[in-house]
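Per-entry structural report
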Amino acid sequence: MHSPTHTPAPPRRDIQGLRALAVLAVIGAHAAGWPAGGVMGVDVFFVISGFLITGMLLREARDTGRLALGSFYARRARRLLPAALTVLIAVTVAGWFLFNRTRGEQTLWDAAWAAVFASNWNFAAQGTDYFADTGAVSPLQHFWSLSVEEQFYLVWPLLLLIVVALVGRTRVRIVAGVLAAAVVAGSFGWALVQSDSQATIAYFSTLTRAWELGLGALVAVLVPLLRRIPRALGGVMQWTGVAGIVASLLLIDPTGGGFPAPWAAAPVTATALALAGGVGGDPRHRHLFPLTNPASVFVGDASYSLYLWHFPVVVFAAALLPASEWHVWIVLGASVVLGLASYLIVEQPLRYAPFLGGMPRAEAREPEPEPEPVPVPVLAVATTRPAGWTPGTRYFPGSSRPAAPRIEPAAIAAAPIPVAEPVVAEPATEPRGSALAAWRERFAAQVFLATAGLVVVALAGALAVTASGHGPRFGLPELAPAASAPTVSGDPTADLQAELAAAVTADAWPDLTPSLDRVMAASSGANPAHDCFSPGATTACGWGSGDAPVHIWLVGDSTAMAYAPAFRRIADDSAGSIRVSAMGMYGCRFTDVLVENDDPQVMAGCQARKAAVRAAILADAPDLVVMSNAFTLGRTVDGTDLSADALIAAQRREADTYGMGERMLHLAPPPQGVSLAACYTPTSSPRACDSAVDGTWRTMEALSERAARDAGDHAMSSLAFTCADDVCPPFAGSIPTKYDQTHLTVEYAEHIAPALRQALDTAGLLTTR
């Protein structure tokens, strides 16, 4: 006997239109910054996915009384993996050759996490702020949403399988509805909590996103009831839902907080309304022409490949293309070309490839003819049809049929009525080559034409942008000529300024020692003061002779730690006249208010560290205390924003507790630079990594100097050590200046030690108290 077969639902053109709207919004937000809420297109995708997958599973349970999870996951793999793996491989290879080594290696790890559908937890663990404009964005960051979906579908079908096993096919919808409602309520409640307390994790977490897929699942559960909705009312629901989605994309700014909860509820609810309204009626939904026209449907069909390719294009373009008015158009064009090529060449053909189990073979062969079957007698029944009509045939009034042989009633009564045995068709034994031939016939021309078109468009586009001067510069970077090195004058500050000025005007990278790849990889771990600025530190670092007449304390957050190698060299080169003690905590502002930090360890230990440093300074009575904190804005742990005035005042109140008077020095940190991980590539110019002095730094520096004049202590700018004519280059001489946006490299901190010592001497701060 044949097993029941699963009946697929007819395709809905409005859903493909919703996918087109969602993917275009996401691409626009990433490539052009418009619409403001375009990233919420991902939330639209979540609801659609929950609706479609749950509907498919429920129909299978209804038709067959079971769920074939093996087949389900095989279909998901054929649907997702070919295009996704193509993107992962292409981006990893491109990143290895086009990014700096540190970023290339990170891209490789990001690809590994994405390949096992755990990308969202990888970025959450890294503390990635999805909306932060740090520049060094992973080209695979958008894979987080695919990971959320697949994690949901590792659990949700298993739950439905258990439901089918326990209650059978008749009650599966009721129990599935209860489960979906519980997922929506629990996940949304947790999203409300975590969006407020840990917004970065909440953005990527499956636990705070499951409600969006769950709401789509709930709509799928209610399909039998939704079919009863009058078609006119359903149309109104659809238009209302689409309007709600568009309004959400245009009006909601996810960067303003409260995301994913509660603000994602607007596009999610609107999508659910649009899906629910379209359950009944014609699947083509012609009244929704903006979404159901052929162009929108095609974009919806290709939305997966478009989504996969657009973000790597955005990220690579930011690193390789010079700024120009054509930047956005180049990004959009490349995203469309690569996305459509991937859809036509990879996604569709491999999804249906017979060698991957994609194109079903014939259900069964025609049964072999049986020799001389025994006729089955036909019972005579009362009928108004004319003589000659054969039961089982259509009757057309006015037509005639051949007369059937007359059968005597006695013969009917005497003859036995045989019962026909069902004929069970054997499984198909169609030659394998036949399925391959059918597949080739369907896709060969498409793949050939799409590949040819991709090559032609790529070559034409590359020639166009290169000829216009808006394209990337390829080839190995030239080294700066040795003759560009400034003349040494013997004045440490003047020589340092000359090196910085030469770096600002350089068009090519010199042979840096150490390399930027090396200092970025080492990060703060190479700093000799790292251990005494970590959350678990218990003692201060110390350099120089214990009998030195001048004792200096260096305190503050990670910017003070970055200055530590300079003070260590000052102590080492002082011939035993200077001793330096250093202690602080990275991420912990030395202010009398607790400034919020993402690291729980820092928040737990910051106040105690400041108290310990205060006690040590009061006990030692040093000759000079140097305090350095970041010149960036912040907020208190209760969410109150702290202005530049408030932060400088809080820093000085903390310093006043040391009782140092005029022997207190507030040393400004270096101005914020650009992200080296983003600006430095093997093909980039060093000018791409030059940065201007930012406005917040200028404000806080001015406030610090004014407060020092009023209090009678000292404030020192860092511009003489890090910038020339208000431009801060990524190197000076042959030494990288920073390993990230803020912190000096160990080698450069040691390099500025003579100039820093000269500034301290000029201010009269290196004398005994």
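**Examining the state of the cysteines**
Summed over the entire model, instances satisfying the criterion amount to four disulfides. Here cysteine 532 connects covalently by a disulfide to cysteine 541, the sulfurs 1.9 Å from one another. One disulfide, between cysteine 532 and cysteine 541, carries an S-S torsion of -110° and so falls in the left-handed class. Both residues of the pair, cysteine 532 and cysteine 541, belong to the buried class. A sulfur-sulfur separation of 2.1 Å characterises the disulfide bridge that pairs cysteine 679 with cysteine 689. Because the torsion about its S-S bond is 110°, the bridge between cysteine 679 and cysteine 689 counts as right-handed. Pair noted here: cysteine 679 is in helix H24 (residues 676-679) and cysteine 689 is in the loop between H24 and strand S8 (691-692), with a separation of 10 residues, a long-range link. Of the two residues, cysteine 679 and cysteine 689, both sit in the buried class. Indicated for the protein is the disulfide connectivity 1-2, 3-4, 5-6, 7-8, based on numbering the bonded cysteines in sequence order.

**Digging into the side chain of serine 558**
By the element assignment, serine 558 lies in helix H21 (residues 558-572). Here the side chain of serine 558 touches histidine 743 through a polar contact of 2.6 Å, side chain to side chain. Once you skip the residues sitting within four places of it in the chain, serine 558 turns out to touch Met585, Tyr586, Gly587 and His743.

**Structural notes on the confidence of the model for the protein**
Looking at the protein as a whole, its pLDDT mean stands at 86, while 85% of the residues score no less than 70. Every residue in residues 392-430 is under pLDDT 50, and counting partners more than four places away or in other chains gives 31 contacts. Predicted confidence is poor over residues 474-484, with pLDDT under 50, and the contacts of this stretch with residues over four places away or in other chains come to 15 contacts.

**A short note on H21**
Helix length check: H21, at 15 residues, gives a terminal C-alpha distance of 22 Å against a target of 21 Å (1.5 Å per residue), a fit within 8%. Helix geometry: H21 is bent most strongly at alanine 564, by close to 35°, with proline proline 565 lying one to four residues after it. Buried within H21 we find Ser558, Thr559, Ala560, Met561, Ala562, Tyr563, Ala564, Pro565, Ala566, Phe567, Ile570 and Ala571.

**Some details on the environment of valine 221**
With respect to the helices and strands, valine 221 occurs in helix H9 (residues 210-221). The class for valine 221 is buried, based on a relative accessible area of 8%. Between the C-alpha atom of valine 221 and that of alanine 176, which follows or precedes it by 45 residues, the distance is 7.0 Å. Leave out the neighbours within four places in its chain, and valine 221 touches Leu58, Arg173, Ala176 and Gly177.

**Some thoughts on the pattern of salt bridges**
Counted under the stated rule, the structure contains 16 salt bridges. A salt bridge links glutamate 149 to arginine 76; its shortest N-O distance comes to 3.7 Å. Here the residue glutamate 149 occupies a position in helix H6 (residues 144-167), and arginine 76 occupies one in helix H3 (residues 69-98), the gap between them amounting to 73 residues. Of the two residues, glutamate 149 and arginine 76, both sit in the buried class.

**Considering the packing of helix H5 (residues 119-126) against H6**
As a packed pair, H5 and H6 sit with axes 7 Å apart at the nearest point and diverge in direction by 125°. In terms of orientation, H5 and H6 fall into the oblique class. Counted together, Ser119, Asn120, Trp121 and Phe123 of H5 and Trp144, Ser147, Val148 and Gln151 of H6 form the full contact between these two elements. Taken together, the residues of the contact of H5 with H6 sort by class into four nonpolar, four polar and no charged.

**Let's talk about the pairing of strand S3 (residues 578-584)**
Judged by how many residues are buried, S3 sits mostly within the fold: six of seven residues are covered. In this structure, strand S1 (residues 541-543) lies alongside S3, joined through three bridges in antiparallel fashion. Paired with cysteine 541 across the bridge in S3 is alanine 582. Once you follow strand S2 (residues 550-556) into H21 and on to S3, the crossover reads as right-handed.

**Brief notes about the environment of alanine 74**
Secondary-structure assignment places alanine 74 in helix H3. On the basis of relative accessible area, alanine 74 is assigned to the partly exposed category, the value being 32%. Along the backbone, alanine 74 and glycine 357 are 283 residues apart, and their C-alpha atoms lie at a distance of 8.4 Å.

**Things to note about the packing of aromatic side chains**
According to the stated counting rule, one finds 19 aromatic pairs in the structure shown. Each ring, one from tryptophan 144 and one from phenylalanine 204, has its centre 5.8 Å from the other, and the planes form 90°; the classification is edge-to-face. Of the two residues, tryptophan 144 sits in helix H6 while phenylalanine 204 sits in helix H8 (residues 199-204), which places them 60 residues apart along the sequence. Of the two residues examined, tryptophan 144 and phenylalanine 204, each falls in the buried class. Where phenylalanine 298 meets tyrosine 343, the ring centres are 5.9 Å apart and the plane angle is 80°; that geometry is what we call edge-to-face. Taken as a pair, phenylalanine 298 in helix H14 (residues 294-301) and tyrosine 343 in helix H16 (residues 327-351) lie far apart in primary sequence, 45 residues in all. Among the aromatic side chains, those forming a connected cluster through ring pairs are Phe46, Phe123, Trp144, Tyr203, Phe204 and Phe259.

**Describing the sheet that holds S3**
The strand order across the open sheet built from six strands is S1-S3-S2-S4-S7-S9, with neighbouring strands paired in mixed fashion. Of all the strands in the sheet, the pair left with one neighbour each is S1 and strand S9 (714-716). Taken pair by pair, the neighbouring strands of this sheet meet at an average axis angle of 20°, ignoring direction. Note that S2 and strand S4 (residues 624-628) share five bridges and pair parallel. Note on S4: the bridge partner recorded for leucine 554 is valine 626.

Rules used in this analysis
- Residues numbered from 1 in each chain as written.
- Predicted model: local features only at pLDDT ≥ 70, side-chain atom pairs only at ≥ 80, totals over all residues.
- Heavy atoms only, no water.
- Disulfide = S-S within 2.5 Å.
- Buried < 20%, exposed > 50% of the residue type's maximum accessible area, 1.4 Å probe, protein only.
- Helix = DSSP H or I, 4+ residues; strand = E, 2+ residues; numbered from the N terminus.
- Polar contact = N/O pair within 3.5 Å; in protein donor to acceptor, adjacent residues only side chain to side chain.
- Contact = heavy atoms within 4.5 Å.
- pLDDT = per-residue confidence, 0-100.
- Expected span 1.5 Å × (residues − 1).
- Bend = angle between axes of the 7 residues up to and from the residue.
- Salt bridge = Lys/Arg side-chain N within 4 Å of Asp/Glu carboxyl O.
- Axes fitted to C-alpha atoms, helices over the stretch in contact; angles between N-to-C directions.
- Parallel < 35°, antiparallel > 145°, perpendicular 65-115°, else oblique.
- Nonpolar A, V, L, I, M, F, W, Y, C, P; charged D, E, K, R; others polar.
- Pairing = 2+ DSSP bridges.
- Right-handed = clockwise from strand over helix to strand, strands pointing away.
- Phe/Tyr/Trp six-rings, centres within 6.5 Å; stacked < 30°, edge-to-face > 60°.

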